[in-house]
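# Notes for the structure review
As a plain string of letters, each chain reads:
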Amino acid sequence: MLLHTSLTRSVRQTETGLHNFLRDLGLEHHYEDKLSLSTALQIDERTVRGLRVSGATVSDSFKECSQFLYMHTAPTGIRGGNLKKICQRYGDKPRYATLYDSSRRLALYSAYTFKKSDGQRRMDTPWMYEPQLASEEESGNMRTLPPSDKTDPLIEDSQAMLEDYVDAVEYERGPLNPDQHQADNQDKAATYTLTNVVPQITAFVDGSWTAYTDRIRRRLNNFCRGVSYVVTGVTISGLTIRRVGRDRMAIPKHLWSAYCCPRYDRNSPYEVRYMFPSYAAYGLNEILGHSVVEVSLKTLESFLKNQTGMDENASVDESFSDCSRFLYHQRPPRGVRLEGLHTICQRYDGEPRYATLYDPDRHIPLYSAYIFKGSTGEKMDSQPWMYEPQLLSTLETGNMQPFPQTVAHQQLEQTQAVLADYTDALRYERGQLTPDQHQSSPADKAATYTLTNVVPMAREFLRNHWEPHLDTIRQRLNNYCRGTAYIVTGITTAGRAIRRGNINRVTIPKHIWSAYCCPDFDPGVPYDVRYKFPSYAVYGLNDVLDNYVNEVSPKRLEALVKREMPVDQNFQLFHSNCIPAV
């Protein structure tokens, strides 16, 4: 095997060679502990492979470099065929994050933290490439490009090369994370990788874009008092740079950028004060008409939604844009870390019905958010169970579909729970987070019967405690909520899981929790329930023997979730705590 062979060769090298090799594997501490050569041979391939994966810088998440993202959360809603999330590592240290489209050989955006700088460029750095785009078994550090006659075909297939720019005389290599926005020499050097640059029209990059970059440098130098997060990206034009009769690299239609500086100088001049805490810009990457326009963040987002690559009809993308109506003030719970999770607009019969945050690794929803519909509380038990096709592929339909009668497809089982997961789990039932008892129309009720909306609930907990509580809330909101009632129902976890085929299939929640927000309620509500408006909450212990529910204030529920789940300390269920504006 390749890794084992590489290790064996390293044992034959000098002690210095062994030190370097172990450092690349993340095992440098073994060298410092006087690891012998014979002991090194005993590190089996499985151990090495596991260590390399955990230290990978090209992966499905930005976990290793989330410090460069505001609130540790990447921009949402950007889609593509073969996207790679790169933690750009130089000198064994993450420097910034890049979303890279391997099929187009183009960086879609780079996210970085601005460092106060004099704007000087580091011109002596050789251009580099990302080894792990070519092979996951390669080093996580960017490397200097080899001579063209010694370039591995795997490298050339996976990313742009210097040769791609040789005959593209109208274009230059324009960085998304510019070295002028970095201070340390190594941070500057790390910007010189072809996975951080895009083809920019020479007149555009040398003129209006460079002027804009420097203007932002001076603005953040002068008025940003804390960390400034910057994201710079592209839209796609459909044009490409060709080499040897092949499309090699997509050409951006626009470049865009946005910064976020939460802590800024409140005494900044009037003419720039409205540009804090965040502001944005975009420019046309063409020979004519390439001036840069500075705009608000919302204007930039609207602009990008109208460009290619932003799917406004997606059911699974990375945002709740299609079903924000189910969220109070159109905002999801704050402080939830989205890396590795899917936001689903639960669509049935062509219409969005509610929103779900789904964990494809644990095969459970973390919460569902919905609008309460005045209901008699009847259930629709005859409805067949469904699954979410777009968790398999973004090319699938956005509507939930009944499970196939044949054995479930392997890829389906990898992305979500299936009916077979519950067959032998005799102590647990499929408990809905958006319950059909809180919906009124047959279509809205039917939409709750998807396994992306259910979690394993202990039978005793579900029947003796949770379902009676759902009916209590149904009656309370029916009687006293005069306007829209927004509800979020979710879980906490503790590591237990339903197993099938000797593997963990579906995580079992520790707690089930829920909260409602009804800003417009009956002012004549009886005294004994008056304190439960406009918002109140509940949590219950999902255990076979020790089970209960406990109604609490939203603040107490938020404290429970912060204690039990990996959310930020500013976690909040409802915007402004469901306090309506005066």
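None of the values given here were measured: they were computed from a predicted structure.

On to the confidence of the model for the protein, then. Low-pLDDT portions of the prediction should not be read for the details of their coordinates. Scored by pLDDT, the protein comes out at a mean of 84, with 85% of its residues at no less than 70. Note on residues 1-56: pLDDT is under 50 here. Beyond four places in sequence and across chains, it has 48 contacts. Confidence over residues 308-315 falls short of pLDDT 50; this stretch has 25 contacts with residues more than four positions distant or in other chains.

This part takes up the state of the cysteines. Under the criterion given, the structure shown has 5 disulfides. The disulfide partner of Cys-65 is Cys-87, and the gap between their sulfur atoms is 2.2 Å. A torsion of -80° about the S-S bond marks the disulfide between Cys-65 and Cys-87 as left-handed. Of this pair, Cys-65 sits in the loop between strand 1 (58-59) and strand 2 (83-90) while Cys-87 sits in strand 2, and the two are 22 residues apart along the sequence.

For the rest of this paragraph, the subject is the pairing of strand 3 (residues 93-101). A regular strand carries its side chains on alternate faces of the sheet. Counting buried positions over the 9 residues of strand 3 gives 8, a clear majority of the element. Relative to strand 3, strand 2 is paired through 8 bridges, and the arrangement is antiparallel. Across the sheet, residue Lys-85 finds its bridge partner in strand 3, namely Leu-99. The turn linking strand 2 back onto strand 3 is made up of 2 residues, and Gly-91 within it adopts a positive phi angle of 60°. Of the pairings in the sheet, the one linking strand 3 to strand 4 (residues 106-113) comprises 5 bridges and is antiparallel in character. By the bridge assignment, Leu-99 is partnered in strand 4 with Tyr-109. Once strand 3 ends, the chain turns through 4 residues before running back antiparallel as strand 4, passing Arg-105 with a positive phi of about 50°.

Our next topic: the sheet that holds strand 21 (residues 486-500). Strand order in the open sheet made by the 7 strands is 14-15-16-21-22-23-24, with antiparallel pairing throughout. The sheet terminates laterally at strand 14 (342-348) and strand 24 (548-552), the two strands that pair on one side only. Pairwise comparison of adjacent strand axes, ignoring direction, gives a mean angle of 25° for this sheet. Here strand 23 (residues 535-541) pairs with strand 24 via 5 bridges, running antiparallel. Counterpart to Leu-541 in the pairing with strand 24 is Tyr-548. Strands in contact with helix 16 (residues 459-480) are strand 21, strand 22 (503-517), strand 23 and strand 24; relative to strand 24, the strand with the most contacts, it is inclined by about 30°.

Right, let's get into the side chain of Ser-368. Of note, Ser-368 is situated in strand 16 (residues 364-371). For Ser-368, the side chain forms a polar contact with the side chain of Thr-356, separated by 2.8 Å. Sequence-distant contacts of Ser-368, that is, excluding residues within four places in its chain, are made with Tyr-354, Ala-355, Thr-356, Leu-433, Thr-434, Asn-453, Ile-487, Val-488 and Thr-489.

It is worth spelling out the pattern of salt bridges at this point. For the coordinates displayed, the defined rule picks out 31 salt bridges. Between Arg-242 and Asp-247 there is a salt bridge whose closest N-O contact spans 2.7 Å. Its relative accessible area of 42% is what places Asp-247 among the partly exposed residues. The partner of Asp-359 in a salt bridge is Arg-362, and the shortest N-O contact between them spans 3.7 Å. When its relative accessible area of 8% is taken as the criterion, Asp-359 is described as buried. A relative accessible area of 30% means that Arg-362 is categorised as partly exposed.

Cut-offs applied
- Residues numbered from 1 in each chain as written.
- Predicted model: local features only at pLDDT ≥ 70, side-chain atom pairs only at ≥ 80, totals over all residues.
- Heavy atoms only, no water.
- pLDDT = per-residue confidence, 0-100.
- Contact = heavy atoms within 4.5 Å.
- Disulfide = S-S within 2.5 Å.
- Helix = DSSP H or I, 4+ residues; strand = E, 2+ residues; numbered from the N terminus.
- Buried < 20%, exposed > 50% of the residue type's maximum accessible area, 1.4 Å probe, protein only.
- Pairing = 2+ DSSP bridges.
- Axes fitted to C-alpha atoms, helices over the stretch in contact; angles between N-to-C directions.
- Polar contact = N/O pair within 3.5 Å; in protein donor to acceptor, adjacent residues only side chain to side chain.
- Salt bridge = Lys/Arg side-chain N within 4 Å of Asp/Glu carboxyl O.

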